[in-house]
Amino acid sequence: MTTSSFPTIQKPDIKEMKVAPNLDYDKVRGNFDWNEMYGELDWLPGGGLNMAYEAIDRHANGRNRDKLAMIWEGKNGEKEQYTFGQMKQLSDRFANVLKSIGIEKGDRVFVFMDRVPELYITIFGILKAGAIAGPLFSAFGPEPVKDRLQDSGAKVLVTQPDLRRKITEIIPELFELQHIIVVNKDNRDPEPILSSDLSYEEEMAKAPPNFDIVETSQYDYSIMHYTSGTTGKPKGAVHRHQAVVQQYATGKWALDLHEDDIYWCTADPGWVTGTSYGMLAPWTNGVTQLIYEGGFRASKWYELIQDYKVTVWYTAPTAIRMLMKAGENIPRRYDMSSLRFLASVGEPLNPEAVVWGQEVFGMPFHDNWWQTETGAILCANYACMDVRPGSMGKPIPGVELGIVDDDFNPVPVGEDGNLAVRPGWPSMYHTYWNNTEMYNSKFKKGWYMTGDNARVDKDGYFWFVGRADDVINTAGHLVGPFEVESALIEHPAVAEAGVIGKPDPIAMEIVKAFVSLKDGYEATDELRRDITRFSREKLSSAVAPREIEFIDSLPKTRSGKIMRRLLKARELGLPEGDTSTLEED
Ligand code: ATP
Ligand code: MG
């Protein structure tokens, strides 16, 4: 069984493709050895490995020195461009700033900034100094910032004036914090910085433009990311420099990055997608990328694709659903002909959305699956492969995925089970900061347990079922919310749907759906009956929602994931738990 009633989208004829795909899956998958890929990296002169060197310096030292690395557009329309050579020099300077204030290998340096160029320069400076970079999403309020800085014991915080003011009250509680460095880009902020803080601009001006990268080994820690908090309190997943080999490989294979691409990843570096694929994958591949500081607006996004001639676009299901909600007429007003490859991550991508890509842009969105802990993509739809809408594709070469039962033994093909990964993939996280116990609890009978449920079909395509916590047990049937939500959003009035199990004395749980409507539709009983009828036609009666409630918008994390646990807590009048990553309306 698949979750999709949509037909397979055949891959285009190679002759019709603008460029041939980098990956021939069937050829590479069979006998792949990560050592080959390690051989495509440059490594440090002393034999170590450093992400910043692989992403920036190796291009700056070679023929790509004057190639554009970053094309930046600010939220007020400001425009800037940086070559690999300039990125090297600026990140060298920032590494010198950190050295001058005593930062050493393994120290935590956190970054709390909007998507300004200085954010990217800072992260690479931190990596060059051998420190651990901790990016924080700039929309966080004081409490989430305090929790993360306390937990990590950060010594330095790099931020900007408005965000610095937002967190003033928590600073006295950060006992390990030694310095705050404030970036005041173009003097955007008229208020002077506090005398106890360091000015980024002044420190950068004093710092020498060359830095000898601290000799990090592939096993040294590089970046730590707190997870999205979709299922509970965010955990600090810590990565090592060697993750870069998989970020490089998957940029090449799953995003099909080619030298002449203009790549746009819409994720914020506060989340792992924004560093693994908003910094490391494109730049290790020597590709030019667009960074847009502003937020979501359908027409603006299409304008960016048109104006910068974006070729490869990596975004998320929530954004795609918002574009769908805005309608097909908007993209028709722009020239989308530069687009060559579309990809999505972060949540299950409804088949409806995959097919919408095909209709509007002439190509499907390629869904891929991974998590903060995995550091890089583990399962993907590739340019070289037919797309089955609703499937997250096939494992990355060199990665073994399994579907196992609750005793951690493999289940037969086609059956639902726990999605597990054979440990040892290069970008695997190495611990949860201050929580080794929880880290250890994720490994069972030789598998890393992802916490997600999925199935694999006989042709090796993986299908996401739901997070293990969200799976519903109704009258003896196990129901994944994704299947129900995907059926609901095929109804013309439905923009988004979130599905939970509601306790029931007879069925154990019943399927309840929260539905938000597209503009122009009214929440009437008649529409509810129509959606119910529609869902019963699409799904078996055991699976179709017994209750449908209209809701203006679904609770989501700031990275756009539907928080089903909140829908459930609110429905049952239970405490909401950690809401530090909840997006405000
Ligand atoms: P937390 O672990 O704090 O609850 P989170 O799991 O949402 O938050 P992330 O690591 O950002 O934090 O998200 C990874 C999860 O997102 C995956 O485990 C999976 O549940 C979901 N996900 C990501 N990509 C996909 C995809 N393509 N299809 C289905 N689910 C996906
Ligand atoms: Mg998780």
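A closer look at the site of ligand 1
Part 1 of the argument: Near ligand 1 there are 22 residues, and of these Ser 228, Gly 229, Thr 230, Thr 231 and Thr 372 occur at the shortest range.
Part 2 of the argument: Within the backbone of Pro 348, one N or O atom sits 3.4 Å away from a nitrogen atom of ligand 1.
Part 3 of the argument: Within the side chain of Gln 371, an N or O atom sits 2.7 Å from an oxygen atom of ligand 1.
Part 4 of the argument: Contributing elements (two or more residues each) for the shell around ligand 1: β14 (365-369) and β22 (462-467).

Considerations on the domain arrangement of the protein chain
Part 1 of the argument: Per the domain assignment, the segments making up the protein chain are domain 1 (14-453) and domain 2 (472-572).
Part 2 of the argument: Distance between the C-alpha centres of domain 1 and domain 2: 32 Å.
Part 3 of the argument: On the side of domain 2, 20 residues touch domain 1, which itself brings 20 residues to the contact.
Part 4 of the argument: In total, about 1,800 Å² of surface goes out of reach between domain 1 and domain 2, with carbon and sulfur atoms giving 57% of it.
Part 5 of the argument: It is Thr 230, Arg 321 and Lys 325 in domain 1 that bury the most area against domain 2; as a group they hold 29% of the surface buried on that side.
Part 6 of the argument: In this assembly, domain 1 and domain 2 are joined by one salt bridge.
Part 7 of the argument: We note a salt bridge from Glu 496 to Arg 321, for which the minimum N-O separation is 2.8 Å.
Part 8 of the argument: Along the contact surface separating domain 1 from domain 2 lie seven residue pairs in polar contact (both at pLDDT 80 or more).
Part 9 of the argument: At the level of secondary structure, the elements contributing two or more residues to the side of domain 1 that touches domain 2 comprise α12 (317-326) and α14 (351-361).
Part 10 of the argument: The element that contributes the greatest number of residues to the side of domain 1 that touches domain 2 is α12, accounting for three residues.
Part 11 of the argument: Split into classes, the residues belonging to the side of domain 1 that touches domain 2 amount to seven nonpolar, nine polar and four charged.

Details of helix α9 (residues 243-253)
Part 1 of the argument: The buried fraction of α9 is high, at 11 of 11 residues.
Part 2 of the argument: Of the positions making up α9, those classed as buried are Ala 243, Val 244, Val 245, Gln 246, Gln 247, Tyr 248, Ala 249, Thr 250, Gly 251, Lys 252 and Trp 253.
Part 3 of the argument: Looking at the packing, one finds that the buried side of α9 touches α1 (25-30), α2 (34-38), α3 (51-60), β9 (236-240) and α10 (272-284).

So, how was this worked out
- Residues numbered from 1 in each chain as written.
- Chains lettered and ligands numbered in written order.
- Predicted model: local features only at pLDDT ≥ 70, side-chain atom pairs only at ≥ 80, totals over all residues.
- Heavy atoms only, no water.
- Near = heavy atom within 4 Å.
- Polar contact = N/O pair within 3.5 Å; in protein donor to acceptor, adjacent residues only side chain to side chain.
- Helix = DSSP H or I, 4+ residues; strand = E, 2+ residues; numbered from the N terminus.
- Domains from an automatic or database assignment.
- Contact = heavy atoms within 4.5 Å.
- Buried area = accessible area lost by both parts, 1.4 Å probe.
- Salt bridge = Lys/Arg side-chain N within 4 Å of Asp/Glu carboxyl O.
- Nonpolar A, V, L, I, M, F, W, Y, C, P; charged D, E, K, R; others polar.
- Buried < 20%, exposed > 50% of the residue type's maximum accessible area, 1.4 Å probe, protein only.

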